[in-house]
Every structure is written in structure tokens, then in C-alpha cells.
Amino acid sequence: MPPPHRFLEACARRPVDRLPVWMMRQAGRYQPSYRAVRQQVGFLELCRSPELIAQVTCAPIDEFGFDAAILFSDILVHLPAMGLDLTFEKGEKGKGDGGPKIANPVRTRADVDALKVPVPTRDLRYVLDGIRAINAGLNGRVPLIGFVGGPFTVASYVVEGGSQGFTRLKTMLYADKAAAHALFEKLTQAAIVQIEEQVAAGAHAAQVFESWLGELDREDLEEFAFPYLARIAAALKKTGVPSIFFGTGLSGHLERIATLGFDVISVDWRIPIDEARRRVPGLAVQGNLDSTVMLSSAEASVKKALGICKAAGPAPGYIFNLGHGIQVGTPPENVKAVVDAVHAFRW
Ligand code: CP3
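Residues numbered from 1 in each chain as written. Predicted model: local features only at pLDDT ≥ 70, side-chain atom pairs only at ≥ 80, totals over all residues. Heavy atoms only, no water.

Novice: Teacher, can you tell me more about the environment of Asp 111 here?
Specialist: For Asp 111, the position within the fold is in helix H6 (residues 109-114). Asp 111 gets classed as partly exposed once you look at its relative accessible area, which sits at 29%. C-alpha of Asp 111 to C-alpha of Gly 146: the two residues are 35 residues apart in sequence and 29 Å apart in space. Once residues within four sequence positions are removed from consideration, Asp 111 is found in contact with Pro 105 and Val 106. (Helix = DSSP H or I, 4+ residues; strand = E, 2+ residues; numbered from the N terminus. Buried < 20%, exposed > 50% of the residue type's maximum accessible area, 1.4 Å probe, protein only. Contact = heavy atoms within 4.5 Å.)

Below, the structure written as C-alpha cells:
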């Protein structure tokens, strides 16, 4: 890694020359270059090719000048190694969007007990080789963020069998608490081994995606989510790379999330960024442009983005990002306009 990079500096709450900016789903279907790759290969096929992983991870760095790359993969890629039959519907060659589908979802305690914890060096070699190929392609230009899904968010797909809501998983919490804990335990172990190996392979930071955790009330967060997330944060601390927690709909719980052991909290657009920063004074904050605005015009996108930069304030420890991922259909020129505006922003 060349001289300290502004993204890693901001994670450590050290001063930076310009605000660092990257965007969740910065590699994806809004890009013509990504769609061209997807004309040739299915989504899971893409995730399993180290060469293609490197190509699509590096493309947004070249195209937009983001300050960090994020590993191209998915929070569900390890599920086949756990014994689950994962496909992405309509995820085959040339097709547009495809949601995840699990043919043998986990419904009973016996299903949970049958799940295997993956061995990343054996089962997810393509991810680790992908990380090495990305770093070769980046050549030290920007740091690489590795990631895993949070146990609750991954469990929602594992139990529902796809993107079908949360009713079955939430029912399991109340109907068979022990099975739910056993499931979160396995998914926590799976998350820890994956993120440790990603860092060993060359990831410079790690983000935990708990996208749907806002579904739970405080009592259930305390029982079924926070203890597991604290273990993932502790494992990350040992690796020495900065850790980022991402969730949505969690504005009511920021102070508590700040105690879990992550270095950075990524917040959605439901809370003003200045309020988020005030409420977690000891941590770096990432966020929080509503990606929907980038479906409109460059002018509207830049106006909102600059409002966020200003509200975030001059104190070190702020990383510009979205509240959730870039949406399909976003004009790439709007993304470029936002990146350039954030980089040009000065106090
Ligand atoms: O952010 C990045 O650029 C890195 C790559 C990345 C993807 N998925 C690529 C992807 C990351 C970090 C993820 C995380 C992920 N995957 C999450 C958490 C973040 C979030 O968005 O809330 C979740 C919930 C998933 C599960 C998942 N993967 C779903 C529900 C879907 C289908 C719906 C959709 O958004 O397309 C996917 C597919 C997926 N993952 C695509 C991409 C680029 C689209 C696949 C395609 O090319 O057809």
C-alpha cells in the first residue's frame, strides 16, 4: 500500500486532503461495462471467476475515480458450501436482474444442524484468488474492501428461501429460539472465517452488511443480533483492518451499535448525517445519500450530495457513500458528477 490513503485515513478518523467517496453496488447493472460482462456469463459464474471478479471490481475505479474498491461477490456465495442449493433467478447469461433462490431453505432445527461451516481456502478459493487478482489490477491505487453478510440478513434468505420478507425467520425467533440461536451461531462462524481469509488474501478493510436488521425491535436485537455482531467485530479487530458496520432502518439504535466494536458505522438516509455523527462521537461515519436521487439529474444529485458533505462537518472521520446501493437504471454520468463534486468539496 502506497502512502496513507484517504479512505483508510478517514476510517481511522485522521485528517484527509479530500473527502473519500465510494458507493455500495458501485459495480453493477447501472454500468454498461458490467452489463456487457453479464451478457456473457451468469451472476454466480461471474462471482466464481477470479479474472472477471478483478475486472468488474476495478472498472468503477477507472470509470469514476472512487477512493476504495469493494470486492465483487455476494453475501450469499458461501451458502452452497454450507449445504444450500443457491441459484439467482433470471441470473443466467444476458438476463437482467435475478433475485437469490434457495431450493432447500432452513426451516427446522435439524436443517440448522445439517449446515456446514465453510472452509474458505477450500470452498471459496475463487473469492481469495479474486482478491489477489484485484490487488494486482489496482496496483496500490486504492484500498480494497472485503465484506460478509451479517447473520440476520443472511438468515433471512436462508430461512425464507429468497427475498421473500422476514416472517418465517421472525417466527422462528419466537417459536424455536434455540434453533434460531443455532442458526445465527453457524452463520457467525461462517462470517468470521470468510472475513479472516479475505483479509489474509489482501483486503484492506471489511464491511459487514446487515441490510435488514432494522426489522427487529430492541429486545430482539439485543438477544439475536448484537452479541453475534460483536463477535464478528472482535474477530475483525484481531485482523488489524478497519471494520465498517452497515445497516438500514437502525437510526434508533446508533449509540448501542457504536459499542459493538466496529470502527465505522454506515448510516442510511433516514437520519441527518450531522445527527448521526453527534450520536457516535468516537467512531467514523459513512453515508448517507439516498441513491434514488441519482435516478434523476446530475444537478439534483450534486445538490443533495454537497448538502451532506456540509452537514457532515469538518471533523475527521467521515466517508461519503449512499444510504443503500446504487439502483439499476442510474445514469452513470450522475454517479460521476457526485464523485467529482465530493472530491471538489472544501471547507
Ligand atoms: O457493492 C458492491 O459493488 C459489491 C458487490 C455486492 C453485490 N451484492 C453484488 C450483486 C455486494 C456487497 C452485495 C451484497 C448483498 N447481496 C446484500 C447486502 C447489501 C444490500 O444490497 O442490501 C444483499 C442483501 C445481497 C443479496 C442479493 N444479491 C440480492 C437480494 C440480489 C438480487 C437483487 C439485486 O439487487 O439485484 C443479489 C444480486 C446481486 N449482487 C447483483 C449484484 C451486482 C445483481 C446481479 C446481476 O448482475 O444480475
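Novice: Any chance you could explain the site of the ligand here in plain terms?
Specialist: Surrounding the ligand, one finds 26 residues, the nearest of these being Arg 29, Tyr 34, Asp 74, Ser 211 and His 324. In this structure, an oxygen atom belonging to the ligand sits 2.5 Å away from a side-chain N or O atom of Tyr 34. Asp 74 is positioned such that a nitrogen or oxygen atom in its side chain is 2.7 Å from a nitrogen atom of the ligand. In isolation the ligand exposes 870 Å². Once the protein is present, 90% of that is buried. (Near = heavy atom within 4 Å. Polar contact = N/O pair within 3.5 Å; in protein donor to acceptor, adjacent residues only side chain to side chain. Areas by Shrake-Rupley, 256 points an atom, 1.4 Å probe, with all protein chains shown as cover.)

Novice: I keep staring at the sheet that holds strand S9 (residues 318-322) and nothing clicks. Help me out?
Specialist: Two strands in a sheet stick together by hydrogen bonds in their backbones, pointing the same way (parallel) or opposite ways (antiparallel). The 7 strands lie next to each other as S1-S4-S5-S6-S7-S8-S9, forming an open sheet whose pairing is parallel. Two strands close off the open sheet at either side, each with one partner strand: strand S1 (69-70) and S9. Of the pairings in the sheet, the one linking strand S7 (residues 264-266) to strand S8 (residues 284-289) comprises 3 bridges and is parallel in character. When the bridges of S8 are listed, Ser 266 appears paired with Gln 286. Where helix H9 (residues 151-160) meets the sheet, its contacts fall on strand S4 (144-149) and strand S5 (205-210), and the angle it forms with S5 comes to roughly 50°. (Pairing = 2+ DSSP bridges. Axes fitted to C-alpha atoms, helices over the stretch in contact; angles between N-to-C directions.)

Novice: Please explain the environment of Arg 270 as it appears in this structure.
Specialist: Considering the arrangement of structural elements, one finds Arg 270 in the loop between S7 and helix H14 (273-279). It is 24 Å that separates the C-alpha atoms of Arg 270 and Ala 155, two residues lying 115 residues apart in sequence.

Novice: When you look at the pairing of strand S6 (residues 243-247) in this model, what are you seeing that I'm missing?
Specialist: A regular strand places its side chains so that they alternate between the two faces of the sheet. With 5 of 5 residues buried, S6 is to be regarded as a mostly interior element. The two faces of S6 match: Ser 243, Phe 245 and Gly 247 on one face and Ile 244 and Phe 246 on the other face are all buried. With 5 bridges joining them, S5 and S6 adopt parallel strand pairing. Within the sheet, the bridge partner assigned to Val 208 lies in S6 and is Phe 245. As for the winding sense of the linkage, the β-α-β connection from S5 through helix H12 (residues 218-239) to S6 is right-handed. Relative to S7, S6 runs parallel, the two being bridged by 3 bridges. (Right-handed = clockwise from strand over helix to strand, strands pointing away.)

Novice: I'm lost on the pairing of S8 in this one. Help?
Specialist: With 6 of 6 residues buried, S8 is to be regarded as a mostly interior element. Pairing of S8 with S9 involves 5 bridges; the strand directions are parallel. Counted as the bridge partner of Val 285 is Tyr 318 from S9.

Novice: How should I be thinking about the pattern of salt bridges in this particular structure?
Specialist: Throughout the structure, instances matching the rule amount to 18 salt bridges. Between Glu 223 and Lys 177 there is a salt bridge, with its nearest N and O atoms 3.1 Å apart. Here Lys 177 lies in helix H11 (residues 177-201) and Glu 223 lies in helix H12, a separation of 46 residues in the sequence. Overall, Glu 223 belongs to the partly exposed group, its relative accessible area being 28%. (Salt bridge = Lys/Arg side-chain N within 4 Å of Asp/Glu carboxyl O.)

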